[in-house]
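Here's the letter readout for the chains.
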There are 2 protein chains.
Amino acid sequence: MRIGELAKRTGCQSETVRYYEQTGLLPEPAREAGNYRSYDERHVERLSFIRHCRSLDMTLEEIRTLLRFRDAPEKNCGDVNELLDEHIGHVASRITELTRLEKELKRLRHLCGKAQTSKDCGILNGLAKGTTASRRHHSGTGHVHRTHPAR
Amino acid sequence: MRIGELAKRTGCQSETVRYYEQTGLLPEPAREAGNYRSYDERHVERLSFIRHCRSLDMTLEEIRTLLRFRDAPEKNCGDVNELLDEHIGHVASRITELTRLEKELKRLRHLCGKAQTSKDCGILNGLAKGTTASRRHHSGTGHVHRTHPAR
DNA sequence: GGTACACTTTGTAGTTACTACAGGGTCAAG
DNA sequence: CTTGACCCTGTAGTAACTACAAAGTGTACC
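First, a word on scope: everything that follows refers to the structure included in this document. (Residues numbered from 1 in each chain as written. Chains lettered and ligands numbered in written order. Predicted model: local features only at pLDDT ≥ 70, side-chain atom pairs only at ≥ 80, totals over all residues. Heavy atoms only, no water.)

Here's the deal with the interface of chain B and chain A
Argument step 1. Taken residue by residue, the interface counts 71 residues in chain B and 72 residues in chain A.
Argument step 2. Across the interface of chain B and chain A, roughly 6400 Å² is buried in total on both sides, 64% from carbon and sulfur atoms.
Argument step 3. Our enumeration of links across chain B and chain A arrives at 4 salt bridges.
Argument step 4. A salt bridge links Asp57 of chain B to Arg94 of chain A, with the nearest nitrogen and oxygen atoms 2.6 Å apart.
Argument step 5. In this assembly, chain B and chain A are joined by 6 residue pairs in polar contact (both at pLDDT 80 or more).
Argument step 6. Mapped onto the side of chain B that touches chain A, the elements with two or more residues apiece are helix H3 (41–55), helix H4 (60–70), helix H5 (78–110) and helix H6 (122–128) of chain B.
Argument step 7. By residue number, the principal contributor to the side of chain B that touches chain A is H5 of chain B, which donates 21 residues.
Argument step 8. Considered class by class, the residues forming the side of chain B that touches chain A number 28 nonpolar, 26 polar and 17 charged. (Contact = heavy atoms within 4.5 Å. Buried area = accessible area lost by both parts, 1.4 Å probe. Salt bridge = Lys/Arg side-chain N within 4 Å of Asp/Glu carboxyl O. Polar contact = N/O pair within 3.5 Å; in protein donor to acceptor, adjacent residues only side chain to side chain. Helix = DSSP H or I, 4+ residues; strand = E, 2+ residues; numbered from the N terminus. Nonpolar A, V, L, I, M, F, W, Y, C, P; charged D, E, K, R; others polar.)

Here it is as structure tokens:
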């Protein structure tokens with residue numbers, strides 16, 4: 001199987017596959033005649049694992065750690081539990097934070113019901129006052145992203 | 001006031017201030033004798049506005065748009081309402097998504113109660129099966145970030 | 001054989017919102 | 001006149017990709 005098929009079967013792009021290879025998440029595959037990368041089912045499985053972890057919002061670093069355990073089946077997996085617990089904590093605290101944001105945003109939104117001139121807009125004026133709810137961007141709990149994705 | 005004081009008063013770093021100037025969010029300030037940037041209260045206010053928006057997880061692009069309205073007080077602010085509504089939508093859908101993640105992560109976590117060998121770890125095995133709950137990373141709704149912040 | 005087309009290769013640059021230097025300059029105090 | 005705290009410009013790094021550019025490969029059709 002060439003890179004395009006692998007990508008399609010795992011729901012990502014060829015570039016992403018090569019990127020994972022570069023950063024050591026995927027092993028360098030064999031090459032066929034024309035220098036094309038040649039993959040088999042084991043690659044599909046590993047890449048699926050990675051993509052599944054990504055869909056759970058883990059970082060590549062976390063995934064790297066998990067893969068090390070997968071690659072050493074006799075090792076004790078206690079740290080896996082720990083990693084997951086931490087990750088769950090990060091997600092939970094991000095939810096808390098976003099919920100707070102949502103409330104504040106809705107409050108702001110009610111300050112301007114209808115279109116009018118900017119200088120009288122309750123939203124713009126509301127934003128000018130420093131509510132400063134969260135002085136630091138992230139409460140420092142962990143590694144949970146903001147609201148806007150990479151596109 | 002020099003850049004350090006401005007930064008302190010708005011809760012960010014001097015580098016961030018200069019970055020905002022570069023990208024056009026803050027106007028180029030006057031310079032004092034030794035080529036130091038010289039700020040006044042209007043800068044404090046504008047920067048506070050920006051930081052407040054950032055604390056609400058808006059992108060610099062969104063903030064730029066809001067600032068354009070602030071800078072044109074006679075213009076109609078209807079688009080401000082729209083921007084905010086959209087942003088609220090993004091935050092809301094991110095919360096939904098993270099809540100789903102949290103559930104799945106907790107389910108996974110229960111698959112391995114205690115430390116054991118990796119090959120028997122329910123978590124690692126659970127991650128290998130492609131649940132593929134969300135084929136695309138973000139459901140495409142908007143611009144809401146993942147779980148891990150910029151550190 | 002020619003050529004159109006889809007796919008692949010490597011490598012590099014761009015994205016967001018900063019942060020972290022390096023290698024200098026300015027200024028007041030001691 | 002040196003020490004220290006601050007400031008200057010400019011560049012590179014971060015995460016996890018995405019998007020090219022410029023070239024090679026493989027197959028189908030005429």
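Structure's up, so let's keep going.
Looking at the packing of aromatic side chains
Residue and element names in this part refer to chain A.
Argument step 1. Applying the stated criterion across every chain, the model contains 2 aromatic pairs over all chains.
Argument step 2. A ring pair is formed by Tyr19 and Tyr20, whose centres lie 6.0 Å apart and whose planes are at 45 degrees; its orientation type is tilted.
Argument step 3. For Tyr20, a relative accessible area of 3% puts it in the buried group.
Argument step 4. A cation over a ring is seen here: Arg70 above Phe49, with NZ or CZ 4.5 Å from the ring centre. (Phe/Tyr/Trp six-rings, centres within 6.5 Å; stacked < 30°, edge-to-face > 60°. Buried < 20%, exposed > 50% of the residue type's maximum accessible area, 1.4 Å probe, protein only. Lys NZ or Arg CZ within 6 Å of the ring centre and 35° of its normal.)

Topic: the packing of helix H1 (residues 3–10) of chain B against H3 of chain B
Residues and elements named next belong to chain B.
Argument step 1. In contact at an axis separation of 10 Å, H1 and H3 are set at 45 degrees when each is read in the N-to-C sense. Here H3 runs oblique to H1, going by the angle between their axes. For the pair H1 and H3, the sense of crossing is right-handed. For the pair H1 and H3, contact is made by Leu6, Arg9 and Thr10 and by Glu41, His43, Val44, Leu47, Ser48 and Arg51, respectively.
Argument step 2. Among the residues making up the contact of H1 with H3, the classes are represented as 3 nonpolar, 3 polar and 3 charged. (Axes fitted to C-alpha atoms, helices over the stretch in contact; angles between N-to-C directions. Parallel < 35°, antiparallel > 145°, perpendicular 65-115°, else oblique. Left-handed = near helix turned anticlockwise from the far one by under 90°.)

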